[in-house]
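Listed below are the residues making up each chain.
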Amino acid sequence: MKRSVLSLVLFGFALTSYAADNQIYIVQTNATNSQIDIEQLGSGNIVADNASNTTTVNAAMNINGTGLNFNLDQIGSSNKFLADLSGNDGTYNFTFTGGSNVFTGQLNAAGSYNMNDFTFNNAVTGTSNQFTVNIAEDADANDSSITWAFDGDDNIVFFNAATDYTHSNLSNLFGNSGNVTGAAADNMALNWDVDGDDNVFKVAISSPYVTQDWDITGDDNTIDYIGIGNANASSAATGHTSTINITGDYWDVDLIQRSTNNNDWVNINATGSGTSGSHATLCIVQNDSGSAAGC
């Protein structure tokens, strides 16, 4: 049995809920201090735009405003969430339990709004889920706190903050990709807590000051991270800081920090091994010219 539960306090919105696959559609513009809570149980549920095809789910719903409190809980498999959420001072909490879910969260992907002073929490339990999150494309995302917690295998994450890159070319970011430009995400703090095997994380952040803390337990996990945009950071302060604690075999970690000041830091504690045919590799590139360089 599947059911949809939606509780909200807001204004200036339109909502449609479809019986087929429990689709929820919301449009809200220019609201202040609104709250949206969505819970879906079962498989094949959809949160998206009403123009989405129920098979491909190819259109995102749009919600913008200041002080938005958005909570989503999808429990089941093969669920989909597509949304463009925008505005300062927001809190976004996502919980996914199950496998083969698709989450595409554009947090001001168009750059129409800044995404300052927001909190983003994502808790995932399950396997073979795919997450694509683009925060403040070429716009500011200052003073933000982001937490990812994964318990499962074969999950894929594309995460992009304050850069001009889109999801389609994030996967090619770590090679001969040319220069990267973006806005700023001052004082962005990210915490990654991963327990599982064969997970992949591709992350790009533009920020004078960004701190990442990775705690990973499991085999065959992959991290690709690029940090840019700390040209305005003072030499007495820390620009891009990544602390990685990883336990397991066959991991693959690539860290690229492109800056014009000598204030990037990497701290790594790793245990595990690889073989001649399986990776346990670490590549770090710190480039003070800010130009393209890859692992």
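Residues numbered from 1 in each chain as written. Predicted model: local features only at pLDDT ≥ 70, side-chain atom pairs only at ≥ 80, totals over all residues. Heavy atoms only, no water.

**Regarding the overall build of the chain**
Here is step 1 of the chain: Each helix and strand in the chain was counted, giving one helix and 22 strands.
Here is step 2 of the chain: Taken across its 295 residues, the chain has 48% of its residues classed as buried.
Here is step 3 of the chain: Expressed as a percentage of contacts within the chain between residues at least 6 apart in sequence, the contacts between residues at least 24 apart total 62%.
Here is step 4 of the chain: Carbon and sulfur atoms make up 45% of the accessible area of the chain, which totals about 11,400 Å². (Helix = DSSP H or I, 4+ residues; strand = E, 2+ residues; numbered from the N terminus. Buried < 20%, exposed > 50% of the residue type's maximum accessible area, 1.4 Å probe, protein only. Contact = heavy atoms within 4.5 Å. Areas by Shrake-Rupley, 256 points an atom, 1.4 Å probe, with all protein chains shown as cover.)

**Examining the pairing of strand β3 (residues 23-32)**
Here is step 1 of the chain: Relative to strand β5 (residues 46-47), β3 runs parallel, the two being bridged by two bridges. If you follow Ile24 over to β5, its bridge partner there is Val47.
Here is step 2 of the chain: Alignment of β3 against strand β6 (residues 61-66), held across four bridges, turns out to be parallel. Bridging from a neighbouring strand, Val27 pairs with Asn62 of β6. (Pairing = 2+ DSSP bridges.)

**Regarding the nonpolar core**
Here is step 1 of the chain: Residues Phe70, Tyr92, Phe94, Phe120, Ile135, Trp148 and Phe159 are the most contacted members of the largest nonpolar core, which totals 50 residues.
Here is step 2 of the chain: If one sorts the elements of this core by residue count, strand β15 (residues 188-195) sits on top with four residues.
Here is step 3 of the chain: Counting residues in hydrophobic clusters, the runner-up holds five residues, among them Ile226, Ile228, Ile256 and Val285. (Core = buried A, V, L, I, M, F, W, Y, C linked by side-chain atoms within 4.5 Å.)

**A few points about the packing of aromatic side chains**
Here is step 1 of the chain: Across all of its chains, the model carries 21 aromatic pairs by this definition.
Here is step 2 of the chain: Between Phe70 and Phe94, the aromatic rings sit 5.9 Å apart at their centres with planes inclined by 45°, giving tilted as the arrangement. With Phe70 in strand β7 (residues 69-75) and Phe94 in strand β9 (residues 91-97), the pair connects residues that are 24 residues apart, well separated along the chain. Of the two residues examined, Phe70 and Phe94, each falls in the buried class.
Here is step 3 of the chain: Considering the side-chain rings of Trp148 and Phe159, the 6.1 Å spacing of their centres and the 90° angle between planes classify their relative orientation as edge-to-face. You can see Trp148 sitting in strand β13 (residues 145-151) and its partner Phe159 sitting in strand β14 (residues 156-161), a full 11 residues away along the chain. Judged on exposure class, the residue Trp148 and its partner Phe159 are both buried. (Phe/Tyr/Trp six-rings, centres within 6.5 Å; stacked < 30°, edge-to-face > 60°.)

**Considering the confidence of the model for the chain**
Here is step 1 of the chain: Averaged over every residue, the pLDDT of the chain is 78; the share at 70 or more is 73%.
Here is step 2 of the chain: Mean pLDDT across the elements of the chain ranges from a minimum in strand β1 (residues 3-9), with 38, to a maximum in β13, with 94. (pLDDT = per-residue confidence, 0-100.)

**A short note on the side chain of Asn122**
Here is step 1 of the chain: Mapped onto the elements, Asn122 comes out in strand β11 (residues 119-125).
Here is step 2 of the chain: When neighbours within four sequence positions are excluded, Asn122 is seen to be in contact with Phe94, Phe96, Phe103, Phe131, Thr147, Trp148 and Ala149.

**Points about the environment of Leu255**
Here is step 1 of the chain: Here Leu255 is to be found in strand β20 (residues 252-258).
Here is step 2 of the chain: Under the relative-accessibility criterion, Leu255 is labelled buried at 0%.
Here is step 3 of the chain: The sequence separation of Leu255 and Leu282 amounts to 27 residues, and the corresponding C-alpha distance is 8.2 Å.
Here is step 4 of the chain: When sequence neighbours within four positions are dropped, the list of residues in contact with Leu255 reads Tyr225, Ser242, Ile244, Val266, Ile268, Cys283, Ile284, Val285 and Cys295.

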